[in-house]
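Spelled out, the chains give:
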Amino acid sequence: MTALCGNVCLSALGCLSCLFVAVLSGLSSSVDNNIVSLDGKWSLSNSNGSLSLSAEVPGCVHSALFKQGFIQDPYFRFNDLSYRWIAFDNWTYTTTFSVMHPLRTKQKVVLVFDGVDTVASIWLNGVSVGRTDNMFRRYDFTVRDSLKDGDNVLRVCLQSAVVYASERSKVHSAYRVPPECPPDVQKGLCHVNFIRKEQSSFSWDWGPAFPTMGLWKSVRVEAFDVVQLLHVSSVPLYNSSLSEWRLQVDLVVDAVQTTRVQISVSVPELDSERDVHTQFLCGQTTHTVVLHINKSSEVKLWWPHTHGQQPFYQLSVSVSQDKLLILNSRSKVYFRTVELVQEPVVHSPGLSFYFRINGKPIFLKGSNWIPAHAFQDQISPAVLRNLLQSAVDANMNALRVWGGGVYEQDLFYSICDEVGIMVWQDMMFACATYPTDDDFIHTVREEVVQQVQRLKSHPSIIIWSGNNENEAALATNWFNIPAAEKPLYARDYVTLYVDNIREVVRAEDQSRPFIVSSPTNGVESEQEGWLSENPYDPHYGDTHFYNYVSDCWDWRTFPRTRLASEYGFQSWPSFSTLQPVSTEEDWSYSSHFVSHRQHHESGNEQMLEQAALHFNLPNSTDPLTAFTHTLYITQVMQAQCVKTQTEFYRRSRTEIIEGKGHTMGALYWQLNDIWQAPSWSSIEFGGKWKMLHYFAQTFFAAVLPVAFEDADTLLIYAVSDLSHDLKLRAVVSVYSWSRLQPVCTLKSDPLLVPGGGAVAIFKQPVAALLAGCGHCTRFTCVLTFHLEDSSSGAQQGPTNHHFLSSPKDAEGLQRPNITVKVQQNAAGISVTLLSACVAPFVWLDVGKVPGRFSSNGFLMVSTNMTLTFDAWRPTSAEELSASLTVTSLTDVY
């Protein structure tokens, strides 16, 4: 039997050869290997030929211009505006490559682009072979008839993304698709919602407008005679009633002709294998093999960080034709289950919203991830590993990949798999309405198919989300849409996210939950026609919450939500991060540079106004000192604000107050930065930890004491993420600001703290507490507290602090005159501090020396304290000592 594809004529006994692509963390092999990589040096020119240079692929135009010396660092000062011309020009990438005659004799030859940014026409030897319009898609073009022996010339002609988006918006004349442009403060560009491209590349409230163009992923020529493997994915499924695991293995193939094959799938370590006889139909098709895991084999489960290990197995897939092996593939496979639980809550209206992993409720602790650089080619494996390890080191177990950036590279998800970071994966739609014409829907559907196929093998991904804040945008009318027109936009919303994206995701992956938006009311939103009246209702779903005006130390201002997936406060990065992209005239909080870098309306003023509620603002007469102290005080403010809010969410996990509570996640905005600027991040551009990230180490600890006041009564909760119960007591130490010995120490009676619970373990009126501690008042004293095991007396979790008044009102608070000694031995570098009195927010900064301290930004209540420094490159005690500065709160006024 012979079945032919297109114009390819091939006998049923055709050459048994194929081509493969690598699969997740795996290896593949085939009878012959006919791949010509086109990565490397290309030539690049602009539209009128006035600029011509060499360029690396993968890469982008901005990176090439910078590397070849045509422009300065795009991040320097105001270059985001100075180099705007780059984005308005058209650019052409050109390469010449050779192919051997045997490759041209293959039945099918394909030119593959793993990622084109974004709108391009592709020309091979002067012949148009295709077009691209979506940054998030892989494109392949049949080029057998366009190739020739010897040299072949490939041109990729890129159209300005800015001009293209503008043109598409003009064509869509029936009704507006808002927002047309970003707020003026963002210094951005318009109509990004009309192009399938990184939405934040046209600007955001934390990032610059660099609408990149380029070949941002690999390019290659692939040739084969019979079948090509495009992708292998595996999804574990568990049948609880049968206590049985099965593995769904999907092969996406491209067959030149209908071909009868045998597919063999096995997980040798679990003594499980299956052979399936089938046929690959002509063209691109998906073939599913379900492997039932041997019930006598013990399956080790993948767990989130701090809840268990992350074991994996090797999956082997082979394809044979007439008993001759034509394809062999190996990849990692992990086993875990995930459920999004939305069910009635006792004593509360609404529904729960939490994740069960392997049957265990898990509190999500983490942050939100944005693109780590405006130019994706400059995000190295080392950068990814450093940022993700920093998340792990801060006791995080989850990150939300935000919907205005990119679907991250494979390595990102592989690292998350390895370290146990759960990923909440948005689709790349954010803060906008979108067109729903046929060509837009078509490219989006293909985008989602490809991305879900690429990513669904990763156990770290626990949920797909259709968009960022678009349900909320329509429900609360961000774009001033007249009431009469709202049904039109609601229809488009359902068309895009429900009828298409949701449909595609559910067809490709039934192992994970899907929600249409974030924030959302989940099931309640569905029942209201996918657009709830109030997507911020704390009785349902997840919540985004920002409030820069109210006092962030007042826990009553926070929503007692089911899951907090966004919240936060801004701060400035450290001086060492800003210095390389600025000049001396910029080093003032009132400078044009400081205003230019702030893309959030009134952000610089909001930071100081929030800080001034509790702290004296810097008052140095030296301009540089005043500037660096101001940077410091914004970080103090941010750290304390996010600490207060996160602790509120963590202690709300098992209680219902006035019908609200059972909070099961805290993902603050945001983990990382895209450039050197003020933002909500806890890690600066370049990887340096802000004070907030050091605080996160504590407030995300598995066992945590949390203090707050209610009606002038001090309460301390014991919060536990552990699986087992603990019997704990609270130990409270009261310190006078003017001395380093505690005035008194109090201990509560031991109480049972159930695993996964939050329990009030200490309760006493503040007045009574202070009355028993000598001459302490709210203004003269401060509290530290920790938890200890009632039987062993061992401390459980970190030591925490609680201010009885604003530090600006503290009496007896003095400059601590901290001295430092840096030492190096076989174990590494240590730093010993000596202080004359209690010192709040002690901050150690080593400038441009990369690394982190074991603790930082702390309340120092002892005469001496020794820290360690984890260097991220070789350094010495001498270098560290020369770079080190120590600042505490009283040093800035």
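K.L.:
For the side chain of serine 121, give the residues involved together with the corresponding values.
P.N.:
Position of serine 121 among the secondary structure elements: in strand E8 (residues 120–124). Given a relative accessible area of 13%, serine 121 falls into the buried group. A polar contact is formed between the side chain of serine 121 and the side chain of tryptophan 123, at a distance of 3.1 Å. With residues up to four places along the chain from it excluded, the contact list for serine 121 reads Gly130, Arg131, Arg155, Val156 and Cys157.

K.L.:
Explain the state of the cysteines to me, using residue names and the numbers behind them.
P.N.:
Considering all chains together, one arrives at 4 disulfides under this definition. Shown here is the disulfide that connects cysteine 181 with cysteine 190, its sulfur atoms set 2.0 Å apart. Measuring handedness by torsion sign, the sulfur bridge of cysteine 181 and cysteine 190 sits at about 105 degrees and is right-handed. By relative accessible area, cysteine 181 is classed as partly exposed at 39%. On the basis of relative accessible area, cysteine 190 is assigned to the partly exposed category, the value being 24%. Two residues share a disulfide in this structure: cysteine 776 and cysteine 781, whose sulfurs sit 1.8 Å from each other. Torsion about the S-S bond of the cysteine 776 and cysteine 781 cystine: about -75 degrees, corresponding to left-handed handedness.

K.L.:
Now, about empty space enclosed by the protein: what can you tell me, with residues and values included?
P.N.:
Inspection of every chain in the model, using the stated rule, returns 8 cavities of 30 Å³ or more. If you trace the largest cavity, you find it lined by Ala432, Thr433, Tyr434, Asn470, Ala473, Leu474, Phe479, Tyr489, Asp492, Tyr493, Leu496 and Tyr497. Where the lining of the largest cavity is concerned, the elements lending two or more residues are helix H9 (470–475) and helix H10 (486–508). Counting residues per element, the lining of the largest cavity draws most heavily on H10, at 5 residues. Taken together, the residues of the lining of the largest cavity sort by class into 9 nonpolar, 2 polar and 1 charged.

K.L.:
Got a sec to walk through the sheet that holds strand E48 (residues 851–853)? Specific residues and values, please.
P.N.:
On the basis of which strands lie adjacent, the open sheet formed by 4 strands has the order E45-E46-E50-E48 and antiparallel pairing. Each end of this open sheet is capped by a strand with a single partner; those strands are strand E45 (819–825) and E48. The sheet shows a mean angle of 25 degrees between the axes of neighbouring strands, taken without regard to direction.

K.L.:
Run through the environment of threonine 561, naming residues and quoting values.
P.N.:
With respect to the helices, strands and loops of the structure, threonine 561 is situated in the loop between strand E32 (542–545) and strand E33 (563–567). Along the chain, threonine 561 and glycine 661 lie 100 residues apart, while their C-alpha atoms are 5.9 Å from each other.

K.L.:
So what's going on with the sheet that holds strand E4 (residues 40–46)? Residues and values would help.
P.N.:
Read from one edge to the other, the open sheet built from 6 strands follows the order E5-E4-E6-E11-E8-E9, with strand pairing classed as antiparallel. Edge strands, defined here as strands with exactly one partner in the open sheet, are strand E5 (52–57) and strand E9 (127–132). Strand-to-strand twist across the sheet, computed as the mean angle between neighbouring axes with direction ignored, equals 25 degrees. Pairing geometry for E8 and strand E11 (residues 150–158), over 5 bridges, is antiparallel.

K.L.:
How would you explain H10 if you had to name every residue and give the values?
P.N.:
With 23 residues, H10 should cover 33 Å at 1.5 Å per step; its first-to-last C-alpha distance of 31 Å lies within 8% of that length. By the largest-angle criterion, threonine 495 marks the main kink of H10, which is about 30 degrees.

K.L.:
Kindly report on the packing of helix H15 (residues 623–651) against helix H16 (residues 691–699), identifying the contributing residues and their values.
P.N.:
Relative orientation of the contacting elements H15 and H16 amounts to 25 degrees, with a least axis distance of 8 Å. Compared by their axis directions, H15 and H16 come out roughly parallel. Classified by chirality, the crossing of H16 by H15 is right-handed. Together, Tyr632, Gln635, Val636, Gln638, Ala639, Gln640, Val642, Lys643, Thr646, Glu647 and Arg650 of H15 and Met691, Leu692, Phe695 and Phe699 of H16 make up the contact between the two elements. In the contact of H15 with H16, the residues fall into 8 nonpolar, 4 polar and 3 charged.

K.L.:
So, the layout of surface pockets: which residues are in play, and what are the values?
P.N.:
If you add up the space inside the second largest pocket, you get close to 880 Å³. Together, 36 residues line the second largest pocket, and Trp204, Asp205, Cys431, Glu469 and Trp478 are the ones closest to its centre. Residue composition of the lining of the second largest pocket, by class: 22 nonpolar, 9 polar and 5 charged.

K.L.:
Explain unusual backbone geometry to me, using residue names and the numbers behind them.
P.N.:
Residue valine 57 is joined to proline 58 through a cis peptide bond whose omega torsion reads 0 degrees. Mapped onto the secondary structure, proline 58 falls in the loop between E5 and helix H1 (61–67). Note the cis peptide between tryptophan 669 and glutamine 670, where omega equals 10 degrees. Secondary-structure assignment places glutamine 670 in the loop between strand E36 (665–668) and H16. Phi at aspartate 322 is positive, roughly 50 degrees, even though this residue is not glycine.

K.L.:
Explain the environment of glycine 466 to me, and be specific about the residues and the numbers.
P.N.:
If you trace the backbone, glycine 466 turns up in the loop between strand E30 (461–465) and H9. Taking the C-alpha atoms as reference points, glycine 466 and lysine 690, 224 residues apart in sequence, are found 31 Å from one another. Each residue touching glycine 466, except ones within four places of it in the same chain, is listed here: Met427, Phe429, Tyr497, Phe514, Ile515, Val516 and Ser517.

K.L.:
I'd like a rundown of helix H8 (residues 438–455), residues and numbers included.
P.N.:
Between its terminal C-alpha atoms H8 stretches 26 Å, which fits the 26 Å expected from 18 residues at 1.5 Å a residue. For H8, a buried count of 13 out of 18 residues is recorded, marking the element as mostly surrounded by other parts of the structure.

Calculation rules
- Residues numbered from 1 in each chain as written.
- Predicted model: local features only at pLDDT ≥ 70, side-chain atom pairs only at ≥ 80, totals over all residues.
- Heavy atoms only, no water.
- Helix = DSSP H or I, 4+ residues; strand = E, 2+ residues; numbered from the N terminus.
- Buried < 20%, exposed > 50% of the residue type's maximum accessible area, 1.4 Å probe, protein only.
- Polar contact = N/O pair within 3.5 Å; in protein donor to acceptor, adjacent residues only side chain to side chain.
- Contact = heavy atoms within 4.5 Å.
- Disulfide = S-S within 2.5 Å.
- 1 Å grid on protein atoms, 1.4 Å probe; cavity = no way out; pocket = protein on both sides within 12 Å on 5 of 7 lines; lining within 4 Å.
- Points joined across faces, edges and corners; volume = space filled by probe spheres on them.
- Nonpolar A, V, L, I, M, F, W, Y, C, P; charged D, E, K, R; others polar.
- Pairing = 2+ DSSP bridges.
- Axes fitted to C-alpha atoms, helices over the stretch in contact; angles between N-to-C directions.
- Expected span 1.5 Å × (residues − 1).
- Bend = angle between axes of the 7 residues up to and from the residue.
- Parallel < 35°, antiparallel > 145°, perpendicular 65-115°, else oblique.
- Left-handed = near helix turned anticlockwise from the far one by under 90°.

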